[in-house]
Amino acid sequence: MTSPSFAPRVFSGIKPSGGLTLGNYLGAIKRWVGMQGPDFETIYCVVDLHAITVWQDPAELAAATREVAAGMLASGIDPEHSILFNQAAVPEHVQLGWIFNCVARVGWMNRMTQFKDKAGDNAEAVSLGLYAYPALMAADILLYHATHVPVGEDQKQHVELTRDIAQKFNHDFGREFFPLTEPVTEGPGMRIMNLRDGTKKMSKSGESDMERINMLDDADTIAKKFKKAKTDPEGLPEDVAGLKARPEAKNLVDIYAALSDQSAEAVLAEFGGAGWGRFKPALADLAVDKLAPISSEMRRLMADPAEIDRLLARGAERARGIAAPILKETYEIVGLVS
Ligand code: AQP
């Protein structure tokens, strides 16, 4: 349970390891926009230090950082209301991250399924940062005493690790200093899958561009990608039970549901019994309708990188206003003289 003494505060981030995908939009940004309002203070971050856990070309990293920021702004993150910044501009993340490296246990890290997926058979050769990054993610969250973290299903395990780190820190030092943050994972769009293999999630860095919808894809590209998306010979079922063991069909219905703010049941009430020849063009039209205004605003914002940098720098200043006192107190609790 979250201690009642912590004010409701949301933190979440996206790493600029490539351009934004529909998975990032539906699983994260769209929900972040919805959480802006009187109920929470909202803090959103471009987590560039996480991106470099795998090799990033420096010029591409800087461009992707601005693209992700532009995507958030274009989708409706209001930089007056929310705090929007990039992680590298707030050095307290790394400072708390080191302390959490010393709190987290190797056995906990060994259980992180995302590391196993990403490292695959190559675990000896990947960076130490890739292995340790969930401890930095815990620092990202706890540096703000965030009580809620909206994430896609894929990140739920890392938020649970964040709770374990908070609990161990609080126990070791005998103070209820860090909150036990709640992952917020309900709603449609929590797990958008790869268009060519419905058992894998849609990722920025997946091998083929055809497996994902990028936020900057134009209407023709979106239509082509949905047209070529893998399906099975059966058409759409009459109810969600008929999507069982049909990951590609389920994914397309889920995308339609998330984009149109309806349940999968409601989508099937409209399209149940239809063939893919009817559903895929309807899905492409819906996606273009929702994404085109965002991508054109992203392009407009990206044409003025200095303005994006200015907004990020202002956000970083506001973020440090919260982070610095929490880090200072953490140092005092740990006994670090500073
Ligand atoms: N396919 C997805 N479905 C739902 N949510 C998703 N998210 C990412 N992909 C999907 C959510 O977006 C937020 C930011 O994620 P991230 O970009 O920081 O990290 P990631 O999950 O590792 O994203 P990628 O696209 O898979 O990056 P690469 O390919 O570089 O590793 C998170 O809330 C995440 O849940």
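Above this text you will find the structure in question.
None of these values were measured; they are calculated from a predicted model.

**Here we look at the overall build of the protein**
Regarding its fold elements, the protein presents 13 helices and five strands. Whereas a compact globule of 338 residues would reach a radius of gyration of roughly 20 Å, the protein reaches 21 Å, a difference of no more than 12%. In terms of overall dimensions, the protein has a C-alpha envelope of 65 × 45 × 45 Å along the principal axes. Here the protein holds 338 residues, and 52% of them are scored as buried. Sequence separation of at least 24 residues holds for 77% of the intrachain contacts in the protein that already meet a minimum separation of 6. Accessible surface, the protein as shown: approximately 15,300 Å² in total, 53% of it carbon and sulfur. Averaging the positions of the 37 positive and the 46 negative side-chain charges in the protein gives two centres separated by 2 Å.

**So, the packing of helix α7 (residues 128-142) against helix α8 (residues 156-173)**
The contact between α7 and α8 brings their axes to 9 Å, and the two run at 75°. In terms of orientation, α7 lies roughly perpendicular with respect to α8. Facing α7, whose interface residues are Y133, P134, A135, M137, A138, I141 and L142, α8 presents H158, V159, L161, T162, I165 and A166.

**Quick word on the packing of helix α3 (residues 58-75) against helix α12 (residues 276-302)**
To characterise two packed helices, one gives the angle between the axes of the helices and the distance between these axes. Their axes nearest at 8 Å, the elements α3 and α12 cross at an angle of 130°. Classified by the angle their axes make, α3 and α12 are oblique. For the crossing formed where α3 meets α12, the hand is right-handed. The residues of α12 that touch α3, namely those facing E67, A70, G71, L73, A74 and S75, are I294, E297, M298, L301 and M302.

**Digging into the packing of aromatic side chains**
All told, the structure shown has 13 aromatic pairs when counted by the stated rule. For the pair F100 and F178, a centre-to-centre distance of 5.4 Å together with 75° between the ring planes defines the contact as edge-to-face. Of this pair, F100 sits in helix α4 (residues 92-101) while F178 sits in the loop between α8 and β5 (182-184); the two residues are 78 residues apart in sequence, bridging distant segments of the chain. One exposure class covers both F100 and F178, and it is buried. Ring geometry for F271 and F279: centres 5.0 Å apart, planes at 80°, overall edge-to-face. A residue is classified by how much of its surface remains accessible, and F279, at 0% relative accessible area, is buried. An aromatic cluster is built from F100, F169, F173, F177 and F178, whose rings are joined through pairwise contacts.

**A word on the pairing of strand β3 (residues 83-86)**
Neither face of β3 is exposed, since I83 and F85 on one face and L84 and N86 on the opposite face are all buried. Where strand β2 (residues 41-46) lies against β3, four bridges are found, and the strand directions are parallel. Looking at β3, one finds that V46 is bridged to N86.

**Considerations on unusual backbone geometry**
Residues other than glycine seldom take positive phi values, yet A245 does so here, at roughly 60°. Residue placement: A245 occurs in the loop between α9 (219-228) and α10 (247-260). Classification of A245 by relative accessible area gives exposed; the value is 76%. With phi around 55°, D261 is a residue other than glycine that occupies positive phi space. In this fold, D261 is placed in the loop between α10 and α11 (264-271).

What counts, and at which threshold
Numbers given for residues are sequential positions, taken from 1 along each chain in its written order. The model is predicted, so local features are restricted to residues of pLDDT at least 70 and side-chain atom pairs to those at 80 or more, both for listing and for counting; the totals for chains, interfaces and linings are taken over all residues. Each side-chain value is worked out from all heavy atoms of the structure, with water and hydrogens disregarded. Elements are defined by DSSP. Helices are runs of H or I of four residues or more, strands are runs of E of two residues or more, and each kind is numbered from the N terminus. Within these notes, the globule rule equals 2.2 Å times the number of residues to the 0.38 power, and the radius of gyration is based on C-alpha atoms. Only protein chains enter the accessibility calculation, which uses a 1.4 Å probe; a residue whose area is less than 20% of its type maximum is buried, one above 50% is exposed, and one in between is partly exposed. Here, residues are in contact when the closest pair of their heavy atoms is within 4.5 Å. Surface accessibility follows the Shrake-Rupley procedure with a 1.4 Å probe radius. Residue values consider only the protein chains on display as shielding. The convention is simple: Lys and Arg are positive, Asp and Glu are negative, and His and the chain ends are not counted. The atoms used to mark charge sites are NZ of Lys, CZ of Arg, CG of Asp and CD of Glu. Between N-to-C directions, angles cover 0 to 180 degrees, with each direction set by a line fitted to C-alpha atoms, over the stretch in contact for helices. Each angle receives one of four descriptions, namely roughly parallel if under 35 degrees, roughly antiparallel if over 145, roughly perpendicular if within 65 to 115, and oblique otherwise. When the near helix sits turned anticlockwise from the far one by under a right angle, the crossing is termed left-handed; a clockwise turn instead gives a right-handed crossing. Think of it this way: a Phe, Tyr or Trp ring, Trp meaning its six-membered ring, pairs with another when their centres are within 6.5 Å, and the plane angle makes it stacked under 30 degrees, edge-to-face over 60, tilted otherwise. One bridge is not enough; two strands pair if DSSP finds at least two bridges between them.

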